[in-house]
Amino acid sequence: MASWLGGLGSGLGQSLGQVGGSLSSLTGQISSFTKDILLEGAEEVGDAATELHVSNSRLREVESINAAQKFENERLKKVCSDLEEKHEAAELQIKQLSIEYRNQLQQKEVEISHLKARQNALQEQLQKVQKAAQSAQSGAGVLPPAATSASYVPVVRHSSGFEGDDMDFGDIIWSQQEINRLSNEVSRLESEVDHWKQIALSSRAQGTHDAEQSEICKLQNIVKELKQNLSQEIDEHQHELSVLQDAHRQKLVEISRRHREELSEYEERIEELENQLQQDGVSADAMDDSKISEQKKNAQSLEGGKVEELQVVKDLEDEIRKLNHKLSSAKEENKILLKEQELAKVEKIQITQEYENLKSDFSMLQSSLAEQDALLKEQEKKLQSKTSLPEDVARLQQALLEAENEIARLSSLNQGGLEKEPASAQRKNENILSVYNEDQNSELSRLRQDLERKQHELNESIAERETLIAELEELDKQNQEATQHMITLKEQLSKQHTETDTIIKQLKFDIDFERKKVSELEIEKMETIKELDSQKEKLSHCSYALNDLHISKEQLQDNIKDLQEQLREAQDCNLHNKKEIGELQQRLKVREEELSVSLRKLTEKSNQESNYTCQDLILKEREVEIVRLQNDISENKQLNEDLEKSLSDLRIENRKLIAATEELKQELSDAISEKNKVYLEKDTVVEALKMEKRQLESELNQTEKRLLEQAHKYKQTIEELSNARSMDTTALQLEHERLVKFNQEKDFEIAELKRSIEQMEIDHQETKEMLTTSLGGQKQLTELIKEKEVFIEKFKNQAFQVKQELEEYMKVSKRQDVLKQNLEEKDRSLAVMKEENNHLKEEIERLKDQQTRSTPVVEPKTLDIIIELESEVTQLKVIKNNLEEEIEVHKKTIEDQNQTTVQLQQSLQEQRKEIDESKFQCEQMNVTHERLSLEKDEEIKNLQKTIEQIKTQLHKERQIIQTDSSDLFQETKVQTLNGENGNEKHDLSKAEIERLVEGIKEREMEIKLLNEKNVSLSQQIDQLSKDEVGKLTRIIQEKDLEIQALNARVSSASYRQDVLCLQQQLQAYVMEREQVLAVLSEKTRENSQLKTEYRNIMDMVAAKEAALVRLQEENQKLCNRSENSSQDMSRETIQNLSRIIREKDIEIDALSQKCQTLLTVLQTSSTGTDNGSGGVNSNQFEELLQERDKLKQQVKKMDEWKQQVITTVQNMQHESAHLQEELHRLQAQISVESDSNSKLQVDYNGLIQSYEQNEKKLKSFSQELAQVQHSIGQLHNTKDLLLSKLDLVTPSVAMASTVSQLSGIQYSAPDVLSDESKLLQKELEQLKKKLQEKDSTIKTLQENNQRLSDSVATASEIERKSQEGTESEMRQIREKHDVLQKSLREKDILIKSKSDQLLSVSENLSNKENENELLKQAVTNLKERNLILEMDIRKLKEENEKIVARCREKETEFRALQETNMQFSMMLKEKEFESHSMTEKARAFEKLLKEKEEGKTGELNQLLNEVKSMQEKAVTFQQERDQVMVALKQKQMESSALQSEIQHLREKEQRLNQELERLRNHLLEMEDSYTREALAAEDREVKLRKKVLILEEKLVSSSTAVENASHQASLQVESLQEQLNLVSKQRDETVLQLTISQDQVKQYALSLTNLQMVLEQFQQEEKAMYSAELEKHQKQSTEWRKKAESLEEKVLSLQESLGEANAALDAASRLTEQLDIKEEQIEELKKEGEIRREMLEDVQNKLMNLMNSTEGKVDKLLMRNLFVGHFHTPKNKRPEVLRLMGSILGIKKEELDQLLSEDQRGVTRWVTGWLGGGAGSKSVPSTPLRPTHQNIFNSSFSELFVKFLETESCPSLPPPKLSVHDMKTSGAAETGKTSSTPSNSQTQDSAVSGMSRRPATNPFLAPRSAAVPLITPASSSGHLLMKPISDALPTFTPLPVSPDASAGAVLKDLLKQ
């Protein structure tokens, strides 16, 4: 397998290398092609013919390049297909291997479990023996449990590996690993088997020898059988491998053959093209003269078409421009893709190194973090070398294989060591036991020590093994993860590689196409120019021609300029991209930007100059080409048409490319938008960095000087170039090369300058960073600490896990240490005891010596005492030894008794079971015997009666007897014969017959029971002991003896004698015996038929098993495709298995029934045959018995197979249980991960908050910056002010100096003015003092100025520092932002993975549930399918007959096909003959034409060449015909083989179908080939016709030449006529042959029609089959797609619902908290409400009391004030007062008006009514008049009333506290009362306001809105607080208001009145 994979890898490498080579060759061809195009100008050719040759050669080169590219393309496709086929083959092989290994593993595990069970039993016996061996002092033995623990170390790691079969190439590598692991597992199992063998041998030596020998032998036999099975399976695998390799080789051979054929076709095509080109070249020389005349004729026709062609040329030029634009964009995209590819490679290399680093230890992780950064930098440098992918892959694979080999070697060594140690321990134990019988006391201690030591060693070895296994598992996991990672990377890279390859190919095609286009356009241009020139030559207007040439030159120049502009635009685009990348640097350094602009200008100028030189060259070339290409119009037109076709194809491809470019542009735009965002952020940083620009200006000035010098140099070069324009082409080329070199040197210089500038920038930035790090170092450190803490937490978790593992190991080691210490202590104690013993002995000897010496001195008493003590010691020792021996003997006896009791109990239980079984069997047998005896008695009685009747009627009616007896016989067949046998009156004969029948039936029963017992015993062998096995064997032998006895009885002589007696009695029944023989013959025939049917059925079963295997393979494929479908497939396999089991059961039942019937018939027939002369012999009977035995053996095999199927089903169930356990585990993991996810979300929220805080800090910093800048501006202003003040101070000083000078002059005056001089001196002194003061002030000012400047400098420094700090903070914030984004992405990925895991778990759950349901359904289905299978058997018989008929039909069809093949061969021969005749005619015609045209032999040679090519083609046709004939012969052979295979009907039905399909495909291919040949012939005809037309045109043109060469032509014509005569004769012969062939064709047509009919029938049938299958598959695929879509939708919906659920959970948690709070508040409010209700009830009760007390009372004060007020008011305003009073008392307006109209009467009435009607009226509370009121009598009443209201509104006492409860109750009471009391008058309506006045306002009145009425009807219900104020409540208002009006309305009314 490894070698095969290696071969595959090498094949991959070679194919990739070929791809690389082909790409390099392509690039080389393209570069050479471009060089040739550039150097076209250098080739100056004189003659037109040479020019033609040059153009033709270029055409050939182009075509050869095109062919090479096509060939490369197809070769790459083939390589791809080969690789795909290899991949598929590898997948198939690996899948088959994995299936087989899995089956092997399952079998081995079952066997191991059996062996372990036996080993445990043996170990228990061993323990018992060791316990007997050990003494009472030593603790319980340590070895047996250790041994058992060692036995229970099965490493089961294969269950999880089989789930991931989804990957393609990764699956191959994984399967390779799986195979290696399985091989290791097999070796481990074998070693375990050897180990258990050794243990069994050792235990046999220790325990009972005789009992266990037979079991060990059986185990050895089983092991041998297993080894044989293993070897057989290995051979099968090797055979399958060889088959796969053969298939692979065949495929390779076929591919290579195809490749050669295609190569030969391409070579032929190339030769044809070369021949055509040669013909064109030769014809061109001859055509010069004819073309001149043609041009003269065509000149006039071309004048009209010139304008149209010019327009076409312009259109094509526009298209060229567009295509150039597209090309440039495509190139840019290609560059981007290449960059991406490089990045991908970088990632790949990084991943490989990460994989290598992971292998390093945990302790080296922290150090490797720092090393990885250095490694990454080195990788980026290494990237440029671009290491090839396949080499890396191969290297990694080798490393993987080496690692796996090391692991296997370690495991094998470990296992070997482990196995050797227990073996050696056991051998030592055996030796110890053997020595144990010799001396027990001395060896017991050693035995214990050895046992304990070995136990320690075993424990240590087990611990080491466990650790090694754990390490191995970890290494395996790492290995697998790394390999999977590598595979995914490789796949991604390969995909990217293929994508880039496709893009490159498309771009190359575009480039070639555009080059072709350019050449076409140039050709068209030249055609137009040639046409113009030819016209002007005819007209002989040279000047016009020159003008036209100039115009055309200008046009070409314009075109060239356009192309140059396009090139410049492309260059500008590239530069623009570069600018975008380096915008930050350009903004930092504006001067550097100017430098780069100047450099660009210079480079552009140099490019322009080079372009101008190229223009001159191109112009000269064009002038040469104008003359050269005038002759190629007709030839190039044809090329033009072909190229236009290719143009259309390329346009389509171009559109595709445009679509792709648009997509890429969109992506680019997205990227640009992201970049713009980044640039906006960075602009803020740039503004801060503008301050540092001033420092760089000095450096930039120097660079500007250098630039100026370079500019001077460049100007000089430009002048030189302008002078060099007039030079020759050769000189120009040299100059161009020199300039290019110079340019490159300048570019290098510029690059060096840039590097120096960049270094300067880097230094500057480093200085900045030093400052920023000093400020932001702490923050960075904190961030680093946080990151480190995160890392430390991760490592802590890992360390915790490791610690746990270590603790476990430490516990084990501690136990071992404790055991070791115990051992050492015991050793020490032993040594101490020995030493003490020695000391005692020495002392005893010393004492004896002393005693001997001091015998005369010592007293006799002491001697006696010593002697007594010694004797007592010796006696005690003897007693002790005796007791120990007795104890050991007793222990041995006890253990033996225990063992015997256990064995006896087991044997008793088994004997009881056997007895129960035998009783049950006996009862069954008795029942069956009784039933049979009763039936037989009844039958005998019936038969005796019939016989008696027959005897009485024998003499009377012989015929009637015969009919009756025959009818009876036909009815009972077997029973009548038994009855006839039983007709005898002898008791012996009856007993014999009954014994025989019972014996046979007993034998059958016994065989069945034995089969069942064998099955049960095979399962219970592990539990049964050896004695019981012996008993069983004895029972079996007895049964065999009984069977042999029965056989002897059956073939005994006594039986025949009895038959002879019966024969004498039954002579009358001779006719009936004949009938019996006929029946027997029929039965034998039926038996033979049944045998054949049975064989057929077995074949069918085998076919079904094969189909089952295929189905299983398909199931596994489907499992790989979709995880969901795996369970469904397993269900289907279970159903198929159950169906097959049912079929087998039915077949077994049918066969058993047939066997029984045959036996009965044979018994009866044997009696009959003994009576008759020619009957069935005993030999036949024995043969039938043998056949029956064979059938029974087959039945046994089927039973075994059935049991195997049942075991597989049980295994499936176990696996399902394991899967459920894994499900639970996964659910637990999911819960843990959900917790971690919630933690991560919390962390994420915290990070977001910190980010927001940082943003706030940034804003605050920016504000501080603005403040600082403002303060700097203020400082600048203060500085300016100070400077202005200094300027003012300086002139004053100057004035003082002038004054001093004047004083000096005055001082030098005469002494007359001495007094004045004194005064002046005083003034001078004063002035000096002032001057000193001014100087001091100036100094102070200067000092202040310096301080200010220092402060400004410090402020600027602070600003810089703050800016740098802000920059560092910005960077830190950005870094944090990046970290947050990364964490966000990681969390998103985590969430996705968790959701995927959740989905997979849910799917697994649902699948398991479905499986359980299906298993339940399967039980019911099994019962139903029994009936269906019986119907199927009948149908199969019918189908058998149909198949026989079909086979005959197919034989006839094959014969018809052979006939058609013969017809086709004849047709081929005719076609070849026709082609020969056509070729000869063509030769004749060509010769005639060319001889007429020119009398030259060159044309004849060309014709001969063409004839040769035609002959070669004819030869190829003949070869093809031979191949077809060979194929036909092969088909005939195949048909004969098929006829022979038809005899095997059901076996080879599938093969026949395959052959039919292949034949039909071949026929279709033949038809296709014939159609292709016909099409090719038509194409050739068309070409020949075109050539004929061309030749005719040439004939017309060359009529003048023919006249000159007519003499030569006449001679040639004679020879041609002779040839024509020959041709005519041949023609006649061909006509005759044609007539014959036509007759044959008709015959063939008839046979063909018959064949087609048959074929159509077949096709219809097969189409129906295929359509049905297709529909099924389509339905399945649609169902799967729907399922997949629904699952995807479910996934999306689940994700959405998850998000919503999370949000809802958060909201719900908040709501629950709020609800809890609200509930608490509600409870508190309820309590308060209850308290308030109680308060309200109290207050309402009080209010009711008050109402009752104050209902009929009147407020005296109010009435008195109103009365007094009425009289105090002036008479004019008294009606107003009356109206007010009336409104207060509730009198209507109408009644008031009536009262007022009556004046006196009204007043008296009002007063009397007021004074008298106290009970009915109401009083309003009012304040008493104050003394101030008396002065205001003159004021209006309305004003007074407003003041009164104001005084009343302000409260004097606190408002009454009313509880809600009281108000509610009282309100309810009042409403009841009000509703009950009748309202008689208006006074009663407003009775509420008549209650006693309270000096306080209503608390409910103050905030009341105007919209709410104060009085509502009493019927309204609800809470009082919710209602407007009703009449039931006390309102405390001074105004009674109507229910309609509000307070505002009342006041307005009052004011109006």
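## Side note on the overall build of the chain
The secondary structure content of the chain amounts to 36 helices and zero strands. Buried positions account for 28% of the 1953 residues belonging to the chain. Sequence separation of 24 or more characterises 88% of the internal contacts of the chain that already satisfy a separation of 6 or more. Summing over all exposed atoms, the chain offers an accessible surface of approximately 127000 Å²; the carbon and sulfur share of this is 55%.

## Section: the environment of Asn1047
Structurally, the position occupied by Asn1047 is in helix H19 (residues 1026-1050). By relative accessible area, Asn1047 is classed as partly exposed at 30%.

## A look at a positive patch on the surface
Judged by side-chain charge, Lys331, Lys335, Lys339, Lys578, Lys675 and Lys754 come together as a positively charged surface patch. At three residues, helix H5 (residues 209-358) tops the list of elements feeding residues into the positive patch. Along the chain, Lys675 turns up in helix H12 (residues 633-689). Overall, Lys675 belongs to the partly exposed group, its relative accessible area being 37%.

## Some details on the confidence of the model for the chain
With 76% of its residues at a pLDDT of at least 70, the chain reaches an overall mean of 77. Mean pLDDT in the chain bottoms out at helix H3 (residues 143-151), which sits at 40, and peaks at helix H28 (residues 1606-1749), which reaches 91. Below a pLDDT of 50 lies the segment residues 1937-1941, which in the model reaches seven contacts outside its immediate sequence neighbourhood of four places, other chains included.

## Remarks on a negative patch on the surface
Taken together, the side chains of Glu1713, Asp1716, Glu1719, Glu1720, Glu1723, Glu1724 and Glu1728 make up a negatively charged region of the molecular surface. Accessibility expressed as a relative area gives 42% for Asp1716, which makes it partly exposed.

## Some details on the packing of helix H8 (residues 440-539) against helix H11 (residues 590-628)
Running from N to C, H8 and H11 point in directions that differ by 65°, and their axes come no closer than 9 Å. Judged by the twist between their axes, the crossing of H8 over H11 is right-handed. Of the residues in H11, those in contact with Glu522, Met526, Ile529, Lys530 and Asp533 of H8 are Arg622, Glu625 and Ile626.

## What to know about the packing of aromatic side chains
Each aromatic ring pair is specified by the distance between its two centres and by the angle formed by the two planes. Applying the stated criterion across every chain yields a total of four aromatic pairs. Each ring, one from Phe71 and one from Tyr266, has its centre 6.3 Å from the other, and the planes form 85°; the classification is edge-to-face. Of this pair, Phe71 sits in helix H2 (residues 48-133) while Tyr266 is found in helix H5, placing the two residues 195 residues apart along the sequence. Judged by its relative accessible area of 23%, Phe71 is partly exposed. Residue classification places Tyr266 among the partly exposed residues on the basis of a relative accessible area of 24%. Measuring from centroid to centroid gives 6.4 Å for Phe791 and Phe795, while their planes differ by 20°, and the two rings are stacked. Placement of the pair is Phe791 and Phe795 together in helix H14 (residues 729-853), with a separation of four residues, close to one helical turn. Since its relative accessible area comes to 18%, Phe795 is described here as buried. Across the ring face of Tyr714, the terminal group of Lys746 is positioned such that the distance to the ring centre comes to 5.7 Å.

## Description of the packing of H8 against H12
The relative placement of two packed helices comes down to the angle between their axes together with the axis-to-axis distance. Contact geometry of H8 with H12 gives a least axis separation of 9 Å together with a crossing angle of 145°. When the axes of H8 and H12 are compared, the crossing they make is left-handed. Contacts from Gln506, Phe509, Asp510, Phe513, Lys516, Lys517, Glu520, Ile523, Glu524, Glu527 and Lys530 in H8 reach Ile633, Asn636, Asn640, Leu643, Ser646, Leu647, Leu650, Asn654 and Leu657 in H12. Each residue belonging to the contact of H8 with H12 can be placed in one class, and the counts come to eight nonpolar, five polar and seven charged.

Conventions and cut-offs
- Residues numbered from 1 in each chain as written.
- Predicted model: local features only at pLDDT ≥ 70, side-chain atom pairs only at ≥ 80, totals over all residues.
- Heavy atoms only, no water.
- Helix = DSSP H or I, 4+ residues; strand = E, 2+ residues; numbered from the N terminus.
- Buried < 20%, exposed > 50% of the residue type's maximum accessible area, 1.4 Å probe, protein only.
- Contact = heavy atoms within 4.5 Å.
- Areas by Shrake-Rupley, 256 points an atom, 1.4 Å probe, with all protein chains shown as cover.
- Patch = residues over 30% accessible without salt bridge, like charges linked within 9 Å, V, L, I, M, F, W, Y side chains within 5 Å.
- Salt bridge = Lys/Arg side-chain N within 4 Å of Asp/Glu carboxyl O.
- Lys, Arg positive; Asp, Glu negative; His and termini not counted.
- Charge placed at Lys NZ, Arg CZ, Asp CG, Glu CD.
- pLDDT = per-residue confidence, 0-100.
- Axes fitted to C-alpha atoms, helices over the stretch in contact; angles between N-to-C directions.
- Left-handed = near helix turned anticlockwise from the far one by under 90°.
- Phe/Tyr/Trp six-rings, centres within 6.5 Å; stacked < 30°, edge-to-face > 60°.
- Lys NZ or Arg CZ within 6 Å of the ring centre and 35° of its normal.
- Nonpolar A, V, L, I, M, F, W, Y, C, P; charged D, E, K, R; others polar.

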